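# Inside the fold
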Amino acid sequence: MLAAAPSQGTCVRSSHAGYRMQLAAAQVVRPSSQRLLKRQCVCMSTATQKVSDLPASLQKIVGAFQMVPDPMARYKQLLFYAAKLPVMPAEQHQPENKVEGCVSQVWVLPELRDDGKVYWTADSDSQLTKGLAALLVLGLSGCSPAEILSLQPGFIEMLGLKQSLTPSRNNGFLNMFLKMQKLTLGLVSSKSGSS
């Protein structure tokens, strides 16, 4: 089931009967051979995604979190990730890099390198949120745009962090992921527009 997202709005997320709305990219070829990327919402079950379907870097992170049975230990693991996140220069704290819908201030910035992979930097004014951002930076850096755009948000559930985080933090984590997909889509759009 496909439903086009509003042209200027964000993808509407809903959750019922185990389904989530996901941001995905679909390439549309016009008769004039002009390529456009169109955002679409795709209704998919979170149960259809397996750890083995994730990019290798994200598989390692999910596996590491799944091996920690205690919610408090997972919380501490996030703080460890926060301490390892490289510093993002203050001049990159721009409105276009800011994640909306987070309790804390969060910025994410992609870089599409010559190898065709996307690499991320991120920052937050909260250590816990910085840990969540670091998890995404480490898990999605080095992925192709196609890998990032095809990733379902169900991997967030696989991490087992829901019990350790407040609902607003869980929602903020999802918003970070969706912002990273949106920025990736922008990179692909600008690259195809300049070629």
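Whatever comes next refers back to the structure up there.
Residues numbered from 1 in each chain as written. Predicted model: local features only at pLDDT ≥ 70, side-chain atom pairs only at ≥ 80, totals over all residues. Heavy atoms only, no water.

It is worth spelling out the packing of aromatic side chains at this point. Here the structure, examined in full by the defined rule, presents three aromatic pairs. Plain terms: the ring middles of Phe 80 and Tyr 81 are 6.4 Å apart, the flat faces sit at 80° to each other, and that makes the pair edge-to-face. With a centroid separation of 5.1 Å and an interplanar angle of 80°, the aromatic rings of Phe 155 and Phe 177 are classed as edge-to-face. A residue pair is termed long-range when its members are at least 10 positions apart, and Phe 155 in helix α5 (residues 155-158) and Phe 177 in helix α6 (residues 167-194) qualify at 22 residues. Comparing Phe 155 with Phe 177, the two get one shared label, buried. Here the aromatic cluster, defined as three or more aromatic residues joined through ring pairs, consists of Phe 65, Phe 80 and Tyr 81. The ring of Tyr 119 has Arg 113 sitting right over it, with the charged end atom 3.9 Å from the ring centre. (Phe/Tyr/Trp six-rings, centres within 6.5 Å; stacked < 30°, edge-to-face > 60°. Helix = DSSP H or I, 4+ residues; strand = E, 2+ residues; numbered from the N terminus. Buried < 20%, exposed > 50% of the residue type's maximum accessible area, 1.4 Å probe, protein only. Lys NZ or Arg CZ within 6 Å of the ring centre and 35° of its normal.)

Within the element layout of this structure, Arg 169 appears in helix α6. As for Arg 169 and Ser 104, which are separated by 65 residues in sequence, their C-alpha atoms are 8.8 Å apart.

This brings us to the environment of Glu 157. Position of Glu 157 among the secondary structure elements: in helix α5. Between the C-alpha atoms of Glu 157 and Asn 170, which are 13 residues apart in sequence, the distance is 9.6 Å.

Before going further, it helps to examine the pattern of salt bridges. Following the criterion strictly, the structure yields three salt bridges and no others. Salt-bridge contacts for Arg 113 lead to Glu 111; the nearest nitrogen and oxygen are separated by 3.5 Å. Note on Glu 111: relative accessible area 42%, which makes it partly exposed. The salt bridge involving Glu 157 is made with Lys 162; its shortest N-O contact spans 3.6 Å. (Salt bridge = Lys/Arg side-chain N within 4 Å of Asp/Glu carboxyl O.)

Structurally, the position occupied by Asp 125 is in the loop between β6 (118-124) and α3 (127-140). C-alpha separation for the pair Asp 125 and Trp 107, spaced 18 residues apart in sequence, amounts to 9.5 Å. Apart from residues no more than four positions distant in its own chain, Asp 125 is found in contact with Ser 104 and Gln 105. A polar side-chain atom of Asp 125 sits 2.9 Å from the main-chain amide nitrogen of Gln 105. (Contact = heavy atoms within 4.5 Å. Polar contact = N/O pair within 3.5 Å; in protein donor to acceptor, adjacent residues only side chain to side chain.)

Our next topic: the packing of helix α1 (residues 56-66) against α3. Interaxial distance between α1 and α3 falls to 7 Å at its minimum, and their mutual angle equals 135°. Relative to α3, the element α1 is oriented oblique. Residues Ser 57, Leu 58, Ile 61 and Phe 65 of α1 form the contact with α3, whose own contacting residues are Leu 135, Leu 138, Gly 139 and Leu 140. Classifying every residue of the contact of α1 with α3 gives six nonpolar, two polar and no charged. (Axes fitted to C-alpha atoms, helices over the stretch in contact; angles between N-to-C directions. Parallel < 35°, antiparallel > 145°, perpendicular 65-115°, else oblique. Nonpolar A, V, L, I, M, F, W, Y, C, P; charged D, E, K, R; others polar.)

Applying the stated criterion across every chain yields a total of two cavities of 30 Å³ or more. In this structure, the largest cavity spans a volume of roughly 40 Å³. What lines the largest cavity is simply Cys 102, Val 103, Ser 104, Thr 129, Leu 132, Ser 168, Arg 169, Gly 172, Phe 173 and Met 176. Within the residue set of the lining of the largest cavity, elements represented by two or more residues are α3 and α6. (1 Å grid on protein atoms, 1.4 Å probe; cavity = no way out; pocket = protein on both sides within 12 Å on 5 of 7 lines; lining within 4 Å. Points joined across faces, edges and corners; volume = space filled by probe spheres on them.)

Judged by nonpolar contacts, the single largest core of 40 residues is most densely connected at Trp 120, Leu 140, Phe 155, Leu 159, Met 176 and Phe 177. If you list the elements that add at least two residues to this core, you get α1, α2 (71-84), β5 (106-112), β6, α3, α5 and α6. Sequence-distant contacts of Leu 140, that is, excluding residues within four places in its chain, are made with Ser 57, Leu 58, Val 118, Trp 120, Ile 148, Leu 151, Phe 177 and Met 180. (Core = buried A, V, L, I, M, F, W, Y, C linked by side-chain atoms within 4.5 Å.)

On to the side chain of Thr 129. Its location among the elements puts Thr 129 in helix α3. For Thr 129, a relative accessible area of 3% translates into the label buried. A distance of 3.3 Å separates a polar atom in the side chain of Thr 129 from a polar atom in the side chain of Ser 104. Here Thr 129 is in contact with Ser 104, Val 106, Ser 124, Arg 169 and Met 176, once residues within four sequence places are set aside.

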